[in-house]
Amino acid sequence: MGSTDKAVITGFICRLCSKMNRFVIHIFGEEGARMKLAEKINAYLPITISANDPLPKTVCLTCIERLEAHHELMEQFTWARQRIAEAKAAEELKKTNASQGNSCDNSMPGCSSQQRSVQHD
Ligand SMILES: [Zn+2]
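Residue numbering note: each chain is counted from 1, following its sequence as written. Residue-level local features of this predicted model are given only where pLDDT is at least 70; pairs of side-chain atoms are given and counted only at 80 or more, and the full residue set underlies all totals for whole chains, interfaces and linings.

Once that is clear, we can look at the nonpolar core. Counting residues in each nonpolar core, the largest one holds 13 residues, and the members touching the most others are Cys14, Val59 and Cys63. For the purposes of this entry, the term helix denotes a DSSP run of H or I that reaches at least four residues, the term strand denotes a run of E that reaches at least two, and both are numbered from the N terminus. In terms of residue count, helix α3 (residues 61-96) provides more of this core than any other element does, 3 residues in total. It is the C-beta atoms, placed from the backbone, that decide contacts: two residues are in contact if theirs lie within 7 Å. In this structure, valine 59 is in contact with Cys14, Arg15, Leu16, Val24, Ile25, Ile27, Leu37 and Ile64, ignoring residues within four places of it in sequence. For this entry, the nonpolar core is defined as buried Ala, Val, Leu, Ile, Met, Phe, Trp, Tyr and Cys residues connected by C-beta atoms within 7 Å. Any residue whose C-beta has 12 or fewer other C-beta atoms within 10 Å is treated as exposed, any with 20 or more as buried, and any in between as partly exposed, C-beta atoms being built from the backbone.

Time to look at the UniProt feature "binding site: Zn(2+)" (unreviewed entry) in the chain. UniProt positions are given in the numbering used here, feature names are shortened, and annotations may be inferred rather than shown by experiment. According to UniProt, the feature "binding site: Zn(2+)" (unreviewed entry) maps to Cys14, Cys17, Cys60 and Cys63 in the numbering used here. Spanning 50 residues, the named residues nonetheless gather at one spot, since no C-alpha pair among them exceeds 8.2 Å. Here cysteine 60 lies in strand β4 (residues 58-60). Take cysteine 60: there are 23 C-beta atoms within 10 Å of it, and that puts it in the buried class. As for its placement among the helices and strands, cysteine 63 is situated in helix α3. By the C-beta count within 10 Å, which is 22 here, cysteine 63 ends up buried. With residues near it in sequence (within four places) discarded, cysteine 63 still touches Cys14, Leu16 and Cys17.

Residue placement: isoleucine 41 occurs in helix α2 (residues 37-44). Residue classification places isoleucine 41 among the buried residues on the basis of 21 C-beta atoms within 10 Å. Sequence-wise, isoleucine 41 and leucine 16 are 25 residues apart; in three dimensions their C-alpha atoms are separated by 9.0 Å. Apart from residues lying up to four places away in sequence, isoleucine 41 is in contact with Ile47, Ile49 and Leu67.

The following block contains the structure:
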């Protein structure tokens, strides 16, 4: 087994994992551009890819899956950070306007000023 491995190399080398793959996406191809592969790779990975560097411009599907998962995670973190910042700001506002009660921001869904009333001086 394995004797044919060297004989014929079919496929493309993946820029991210360096493995040979029959199915790859060209980073700067139509599909790759639609998926914003170059942007994501340059943003999240410790490598920089540009259309005119001498290295492979193909990425295997496994790596794309990982990249997409990472992208979703990062989006979630960004979203969470914003929500936390908003909540923190609302909390600060509530503290400052403790006497005025209605510090609830309409832009926050499900937020109700009656939801929680902290009563202590
Ligand atoms: Zn790969």
